[in-house]
Amino acid sequence: MLATRRLQKELQKMHAQLAPGLTLVKAEDLTEWVLDMRVLDDNPLYTGKTFRLKFMFSQKYPIEPPEVIFVQDAEHTIPMHPHIYSNGIICLNILDKEAWSPAQNVESVCISLQSMLTGNDKNERPPGDEEFVRGNTRRPRDINFYFHDNAV
Amino acid sequence: MESDDEINSFHTSDDEGMDDPDSDLSNGEDSDVEDELEEYDGDDVGFESQEKIGKQQKKPYEVDFKVYSPEDIQRAQQRTVDEVKGVLQQSPEATAILLRSFRWNRDKLIDAYMERREAVLEQAGLGDEASSGAKIMTVPGFCCEICWDDSPEMQTFAMKCGHRFCVDCYKRYLTTKIKEEGEASRIRCPGDDCSRVVDSKSIDLLVSEDAHDRYLELLTRTYVDDLENLKWCPAPNCVYAVDCKIKPRDLPRIVPTVHCDCSHEFCFGCTLNDHQPAPCMLVRKWLKKCEDDSETANWISANTKECPRCHSTIEKNGGCNHMTCRKCRHEFCWMCMGVWSEHGTSWYNCNRYEERSGAEARDAQAKSRQSLERYLHYYNRYANHEQSAKLDKDIYIKTEKKMTQLQTTAGMSWIEVQFLEAASQALQQCRQTLKWTYAFAFYLARNNQTEIFEDNQKDLEFAVENLSEMFEKPVDQLAGLKVDMMDKTSYCNRRRIILLSDTAENLKNGNWEFNVDFDTPR
Ligand SMILES: [Zn+2]
Ligand SMILES: [Zn+2]
Ligand SMILES: [Zn+2]
Ligand SMILES: [Zn+2]
Ligand SMILES: [Zn+2]
Ligand SMILES: [Zn+2]
């Protein structure tokens, strides 16, 4: 299995050496890993903060990209960025099937995300963040009336 | 304009069309539908056309088209590549990639290539030089960036860009792109940040046969998708494509119904099932309305009213008469439609029925009821024909079985029972047409032409009901009704042709006025 072999090798390498600012938190199996990430410069938006990333791998990894999201919990927030939704979903082309290269790996993705934060000075969410995040929950239906336009 | 031969080649999909140097499939030329439409000029519809039935006479509502098989398309594609590769001095593989990146517009490609060769190659993902010459080899000390394997005997491959991976990984990557993501003409090198497109020679070299077959199929798909004059037949599992010159901007004036070799009839403009005589934009609007109003239609007998202020449809969902419109927040009384604030606390026993605000609201209510009733008038007839066409078909299938029995028991020949199939087909076709005449009529504003239209509609309706009634007779009577039924079948067909010819003529000449604006295509 390509995914298994590749992930085992990545894990080996990450245990031996990992790029600055990155920490492997959890990699108990070969389907889901957790990493922590800090930015390396003094960008006031992120400095002093540690962000938590969750990687999910399919059987098709690395031919297919991993799913990567920022995780929010008691100690970690979702970084403010015009390409990161407040539910942790990241809008980054290299994580998309179309633009993903199988020559990428977990560490290189983390480094891309690091530089995505480093290069940002906008303290904002993507346009339509609220609707997008809300769209993920069920819309409560109005139980009193149905309505619609009767224009012919 | 085209010769009669052209008209006669209507339903054929033979190779002649493809080898014809003027074939439309070889693309590029901007044909003009004016020519197409000019031909219908003249008033020779009506009775004359009745006499021409049976001949291969092109009728005002018919358009020219050709049907192509996958092999035809493959050949046309190949021929374009062969023609262009000499001009560009490129390999067939690179030429195909370049053509695809220009959506098979060869003139545009050649012009651009002559003007800014480097930029065109770069944009198509072909880097500087396009002849690849790549081959599979082993490379000492190589480690594959995909599997992270570094076995010394490993077979590797790289295109001109030099991004080298082991053959297994390359193969896996390409196979996933082709078989799972359905990509063909735009698969990029697996290398990080490399925009080079994987050419078909490299794909030949690397993927298994079934993935390669799929690859060719997908390439053919993109060829048809790229060309405006080609469309896939939308019938499930049909592999044919149809070539027709009708452009989106022509659709307000013509309804381009085409007949695929698989026997499916569809509209080239919107690929929905044949919807003559209604133009595409009308069909879109009507279907949207039916979808939106499907609940309304069901509510007619139930408790529904409109908000007296904003006319949103309101459904009563409980026993309370105090209603609040969800849209405009208007508060009113369900019983009398009066403003709620005028009710005080006596809501459970409404005594405001004669009040002015209520009377006015009821008038408005009556008006919109009327508009709903008008819609339902047309909708019910539309839906009825849709339903009846299905029933007619069921009857035919049952009858056919019985007729097969009759053939053996009553000694009827196969030829002798064919009139039933003809009747069944006429019924379905006429009902399909009638169905759309009601959507058409719903949007039609009254003018001098509408009366003729309504007469034609009525005549066809009558002819269809007559035939349909006969069609439902017990099987043992059918043999005796044969002549009568054949007459009625051809009468139905004639009435349909008259109706379609008249509507198509008037549509072409802009004689219809509609009571709404349709979104006209670009
Ligand atoms: Zn490999
Ligand atoms: Zn490359
Ligand atoms: Zn077909
Ligand atoms: Zn259409
Ligand atoms: Zn309202
Ligand atoms: Zn009242």
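Here the structure is a predicted model, which is why all the values come from computation and not from measurement.

About the criteria used
Residues numbered from 1 in each chain as written. Chains lettered and ligands numbered in written order. Predicted model: local features only at pLDDT ≥ 70, side-chain atom pairs only at ≥ 80, totals over all residues. Heavy atoms only, no water. Helix = DSSP H or I, 4+ residues; strand = E, 2+ residues; numbered from the N terminus. Buried < 20%, exposed > 50% of the residue type's maximum accessible area, 1.4 Å probe, protein only. Contact = heavy atoms within 4.5 Å. Areas by Shrake-Rupley, 256 points an atom, 1.4 Å probe, with all protein chains shown as cover. Axes fitted to C-alpha atoms, helices over the stretch in contact; angles between N-to-C directions. Parallel < 35°, antiparallel > 145°, perpendicular 65-115°, else oblique. Left-handed = near helix turned anticlockwise from the far one by under 90°. Nonpolar A, V, L, I, M, F, W, Y, C, P; charged D, E, K, R; others polar. Pairing = 2+ DSSP bridges. Donors = N, O, S within 2.8 Å, 3.2 Å for Na, K, Ca; no water. Tetrahedral: all angles 85-135°; square planar, octahedral: opposite > 155°, others 65-115°. Expected span 1.5 Å × (residues − 1). Phe/Tyr/Trp six-rings, centres within 6.5 Å; stacked < 30°, edge-to-face > 60°. Salt bridge = Lys/Arg side-chain N within 4 Å of Asp/Glu carboxyl O.

Peer 1: Provide a residue-level description of the overall build of chain B, including the pertinent values.
Peer 2: For chain B, the helix and strand inventory stands at 17 helices and 12 strands. A buried classification covers 48% of the 522 residues belonging to chain B. When contacts within chain B are restricted to residue pairs at least 6 apart in sequence, those whose partners lie at least 24 apart make up 61%. Here chain B displays about 26000 Å² of accessible surface, and carbon together with sulfur accounts for 47% of that area.

Peer 1: I'd love a proper account of the overall build of chain A, names of residues and values included.
Peer 2: Scanning chain A from terminus to terminus reveals 3 helices and 4 strands. Listing every helix and strand of chain A by position from the N terminus yields α-β-β-β-β-α-α. Taken over 152 residues, chain A has a buried fraction of 43%. Across chain A, contacts joining residues at least 24 apart in sequence account for 57% of those joining residues at least 6 apart. Carbon and sulfur atoms make up 50% of the accessible area of chain A, which amounts to about 8500 Å² in all.

Peer 1: Can you break down the packing of helix H15 (residues 448–471) of chain B against helix H17 (residues 482–508) of chain B residue by residue, with the values?
Peer 2: All names here are of chain B. At a minimum axis distance of 9 Å, the contact between H15 and H17 shows a crossing angle of 155°. Accordingly, the angle class assigned to the pair H15 and H17 is roughly antiparallel. H15 and H17 meet at a crossing whose hand is left-handed. Among the residues making up the contact of H15 with H17, the classes are represented as 13 nonpolar, 7 polar and 6 charged.

Peer 1: Describe the sheet that holds strand E1 (residues 22–26) of chain A, and please don't skip the residues or the numbers.
Peer 2: All names here are of chain A. Here 4 strands make up an open sheet; going across it, the order is E1-E2-E3-E4 and the pairing antiparallel. Both edges of this open sheet fall to E1 and strand E4 (67–71), since each of them pairs with a single strand only. Across the sheet, the mean angle from the axis of one strand to that of its neighbour is 30°, orientation sign disregarded. As paired strands, strand E2 (residues 32–37) and strand E3 (residues 51–56) are joined by 6 bridges and run antiparallel to one another. Within the sheet, the bridge partner assigned to glutamate 32 lies in E3 and is methionine 56. Contacting E1, E2, E3 and E4, helix H2 (residues 106–118) runs over the sheet at an angle of about 35° to E2.

Peer 1: Got a sec to walk through the coordination of the zinc ion (ligand 2)? Specific residues and values, please.
Peer 2: Residues and elements named next belong to chain B. For the zinc ion (ligand 2), the protein coordination sphere consists of Cys161 (SG), His163 (ND1), Cys189 (SG) and Cys194 (SG), at 2.0 to 2.4 Å. Bound by 4 donor atoms, the zinc ion (ligand 2) shows angles of 101 to 115° at the metal and therefore tetrahedral coordination geometry. Within one chain, the residues donating to the zinc ion (ligand 2) are spaced in sequence as C-x1-H-x25-C-x4-C. Its relative accessible area of 28% is what places cysteine 161 among the partly exposed residues. A relative accessible area of 27% means that histidine 163 is categorised as partly exposed.

Peer 1: Would you mind going over helix H14 (residues 418–443) of chain B in detail, with residue names and values included?
Peer 2: One full turn of an α-helix is made of 3.6 residues, so residues set three or four places apart face in the same direction. Here H14 of chain B contains 26 residues, and its C-alpha end-to-end distance of 39 Å stays within 8% of the 38 Å for a straight helix at 1.5 Å per residue. Among the 26 residues in H14 of chain B, 20 count as buried, and that is most of the element.

Peer 1: Just give me the short version of the sheet that holds strand E4 (residues 165–166) of chain B, but keep the residues and values in it.
Peer 2: Residue and element names in this part refer to chain B. With respect to topology, 3 strands assemble into an open sheet ordered E2-E3-E4, the strand pairing being antiparallel. What marks the edges here is a single partner per strand, and that holds for strand E2 (137–138) and E4. Across 2 bridges, the pairing between strand E3 (residues 155–157) and E4 is antiparallel. Bridge pairing links threonine 156 to cysteine 166 in E4.

Peer 1: Describe unusual backbone geometry, and please don't skip the residues or the numbers.
Peer 2: The residue after tyrosine 61 of chain A, namely proline 62 of chain A, is reached through a cis peptide bond having omega 0°. If you check the backbone angles, arginine 329 of chain B has positive phi at about 65° while not being a glycine. When you line up the elements, arginine 329 of chain B lands in the loop between strand E11 (322–324) and strand E12 (331–333). Take arginine 329 of chain B: its relative accessible area is 53%, and that puts it in the exposed class.

Peer 1: Give a description of the pairing of E4 of chain A that names residues and reports values.
Peer 2: Residues and elements named next belong to chain A. Residues Val68 and Phe70 point to one face of E4 and are all buried, whereas Glu67, Ile69 and Val71, pointing to the other face, are not buried. Relative to E4, E3 runs antiparallel, the two being bridged by 5 bridges. Following the sheet pairing, arginine 52 is matched in E4 by valine 71.

Peer 1: For the packing of helix H5 (residues 70–88) of chain B against helix H11 (residues 209–226) of chain B, give the residues involved together with the corresponding values.
Peer 2: Residues and elements named next belong to chain B. Contact geometry of H5 with H11 gives a least axis separation of 10 Å together with a crossing angle of 75°. Between H5 and H11, the crossing angle belongs to the class labelled roughly perpendicular. Across from Pro70, Ile73, Gln74, Ala76, Gln77 and Thr80 in H5, the residues of H11 making contact are Leu216, Leu219, Thr220, Tyr223 and Val224. For the contact of H5 with H11, the residue count by class is 7 nonpolar, 4 polar and no charged.

Peer 1: With reference to specific residues and values, describe the environment of leucine 99 of chain B.
Peer 2: Residue and element names in this part refer to chain B. With respect to the helices and strands, leucine 99 occurs in helix H6 (residues 92–101). Sequence-wise, leucine 99 and threonine 80 are 19 residues apart; in three dimensions their C-alpha atoms are separated by 8.7 Å. Aside from chain neighbours lying at most four places away, what touches leucine 99 is Thr80, Val81, Val84, Trp104, Arg106 and Leu109.

Peer 1: Tell me about the packing of aromatic side chains, and please be specific about residues and values.
Peer 2: All names here are of chain B. Here the structure, examined in full by the defined rule, presents 24 aromatic pairs over all chains. A centroid spacing of 5.9 Å and a plane angle of 70° characterise the contact between tyrosine 378 and phenylalanine 442, whose relative ring orientation is edge-to-face. On the criterion of sequence distance, the pair formed by tyrosine 378 in helix H13 (residues 356–409) and phenylalanine 442 in helix H14 is long-range, its members being 64 residues apart. Of the two residues examined, tyrosine 378 and phenylalanine 442, each falls in the buried class. Consider the rings of phenylalanine 453 and tryptophan 512, whose centres lie 5.8 Å apart with planes at 75°: the pair is edge-to-face.

Peer 1: Please give an account of the pattern of salt bridges that cites residues and values.
Peer 2: Residue and element names in this part refer to chain B. By the definition in use, this model includes 22 salt bridges over all chains. The residue aspartate 82 makes a salt bridge to lysine 85 at a minimum N-O spacing of 3.5 Å. Here aspartate 82 pairs with lysine 85, and both are found in helix H5, just 3 residues apart, close to one helical turn. Judged by relative accessible area, aspartate 82 falls into the partly exposed class, the value being 37%. With relative accessibility at 28%, the residue lysine 85 sits in the partly exposed group. We note a salt bridge from glutamate 181 to lysine 177, for which the minimum N-O separation is 3.0 Å. The class of lysine 177 is buried, set by a relative accessible area of 5%.

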